[in-house]
Amino acid sequence: MPMPTPPAPGEEPTSESGLYRYHLRRLITWYLEALDAAPDAAFTWRPPVADGNTLAAICMHAISSAEWWTISCVGDGPIERDRESEFASAARWAELRPRFVSFLAAAEELLKPMSSDDLAAISRHPAGDRMRRRCLTHTIEHLGLHLGHVEITLDWWKSLHP
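Computed from a prediction, not measured in an experiment: that's the story for all the values here. (Residues numbered from 1 in each chain as written. Predicted model: local features only at pLDDT ≥ 70, side-chain atom pairs only at ≥ 80, totals over all residues. Heavy atoms only, no water.)

A. Geometry of the overall build of the chain. Looking only at helices and strands, the chain features 7 helices and 0 strands. Compactness check: the chain gives a C-alpha radius of gyration of 16 Å against a globular reference of 15 Å for 162 residues, within 12% of the reference. Along the first, second and third principal axes, the C-alpha set of the chain runs to 50 × 40 × 25 Å. Split by element, the accessible area of the chain, about 8,600 Å² in all, is 57% carbon and sulfur. Side chains of the chain give 16 positive and 22 negative charges; the mean places of these two sets differ by 1 Å. (Helix = DSSP H or I, 4+ residues; strand = E, 2+ residues; numbered from the N terminus. Rg over C-alpha atoms; globule rule 2.2 N^0.38 Å. Areas by Shrake-Rupley, 256 points an atom, 1.4 Å probe, with all protein chains shown as cover. Lys, Arg positive; Asp, Glu negative; His and termini not counted. Charge placed at Lys NZ, Arg CZ, Asp CG, Glu CD.)

B. Structural view of the packing of aromatic side chains. Within this structure, the stated rule accounts for 5 aromatic pairs. Pairing Trp-68 with Trp-69 gives two aromatic rings, centres 5.3 Å apart and planes at 90°, and the pair type is edge-to-face. Residue class for Trp-69 comes out buried when judged on its relative accessible area of 12%. Through a chain of ring-to-ring contacts, the aromatic side chains of Tyr-31, Phe-43, Trp-93 and Phe-100 assemble into a single cluster. (Phe/Tyr/Trp six-rings, centres within 6.5 Å; stacked < 30°, edge-to-face > 60°. Buried < 20%, exposed > 50% of the residue type's maximum accessible area, 1.4 Å probe, protein only.)

C. Summary view of the side chain of His-146. Along the polypeptide, His-146 turns up in helix α7 (residues 132-160). Look at His-146 and you get buried, because its relative accessible area is 10%. Here the side chain of His-146 touches His-149 through a polar contact of 2.9 Å, side chain to side chain. (Polar contact = N/O pair within 3.5 Å; in protein donor to acceptor, adjacent residues only side chain to side chain.)

D. Broad picture of the pattern of salt bridges. Applying the stated criterion across every chain, the model contains 9 salt bridges. For Arg-21, the salt bridge identified is with Glu-108, shortest N-O distance 3.0 Å. Of the two residues, Arg-21 sits in helix α1 (residues 16-36) while Glu-108 sits in helix α5 (residues 93-111), which places them 87 residues apart along the sequence. For the pair formed by Arg-21 and Glu-108, the shared burial category is buried. Residue Arg-99 pairs with Glu-67 through a salt bridge whose shortest N-O separation is 2.4 Å. (Salt bridge = Lys/Arg side-chain N within 4 Å of Asp/Glu carboxyl O.)

E. Region of the structure containing the nonpolar core. Counting 43 residues, the largest nonpolar core has Leu-35, Leu-143 and Val-150 as the members making the most contacts within it. Elements represented by at least two residues in this core include exactly α1, α2 (40-44), α3 (55-74), α5 and α7. The element best represented in this core is α3, accounting for 12 residues. Beyond its immediate sequence surroundings of up to four residues, Leu-143 is in contact with Leu-24, Leu-27, Ile-28, Tyr-31, Ala-62, Ala-66 and Phe-103. (Core = buried A, V, L, I, M, F, W, Y, C linked by side-chain atoms within 4.5 Å. Contact = heavy atoms within 4.5 Å.)

F. The layout of surface pockets, seen in detail. If you add up the space inside the largest pocket, you get close to 200 Å³. Looking at the largest pocket, the residues that line it are Pro-47, Val-49, Asp-51, Gly-52, Asn-53, Ile-58, Phe-87, His-146, His-149, Ile-152, Thr-153 and Trp-156. Per element, the largest residue contribution to the lining of the largest pocket is 5 residues, and it comes from α7. Here the residues of the lining of the largest pocket sort into 6 nonpolar, 5 polar and 1 charged. (1 Å grid on protein atoms, 1.4 Å probe; cavity = no way out; pocket = protein on both sides within 12 Å on 5 of 7 lines; lining within 4 Å. Points joined across faces, edges and corners; volume = space filled by probe spheres on them. Nonpolar A, V, L, I, M, F, W, Y, C, P; charged D, E, K, R; others polar.)

G. View of the packing of α3 against α7. Interhelical geometry of α3 versus α7 gives an angle of 170° and a closest axis separation of 10 Å. Overall, the two elements α3 and α7 adopt an arrangement that is roughly antiparallel. Where α3 approaches α7, its residues Leu-55, Ile-58, Cys-59, His-61, Ala-62, Ser-65, Ala-66, Trp-69, Thr-70, Cys-73 and Val-74 are matched on the opposing element by Arg-132, Cys-135, Leu-136, His-138, Thr-139, His-142, Leu-143, His-146, His-149, Val-150, Thr-153 and Leu-154. Looking at the contact of α3 with α7 residue by residue, the classes come out as 13 nonpolar, 9 polar and 1 charged. (Axes fitted to C-alpha atoms, helices over the stretch in contact; angles between N-to-C directions. Parallel < 35°, antiparallel > 145°, perpendicular 65-115°, else oblique.)

That is the geometry; function is a separate question.
Structure representation (structure tokens):
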């Protein structure tokens, strides 16, 4: 999987908000690069293992979670979420790709003006005890975890469909 060009020395993010935005950009870019080249058949293929998920389910869950933790908990988006339905998704990449792009744009807009004090504030998470920065680090961790699942599933599919 190609890696985006890292920033040159002195070009690293200089704010906490900038660091979160930087990592979200990298992760979303990797999803786009990995999945833009995948055929529809790979996206709907289910690995032949117990509880295996299609790329459609993995991606629907990853983006729904990212939207919820960032746009809803850090921002003021809808707080309702149907997590179970995410894993039943049969959406194609052409349908989900715009959500990844829109999420990134919305996250950039939301986070750009935030200071470290803003990020230390308690989020809108239903538990009522999570700082905004915790929501963002969870989002980054979660997107990275599922990106690994995407890569493994794609490699597995490719090995069966040379």
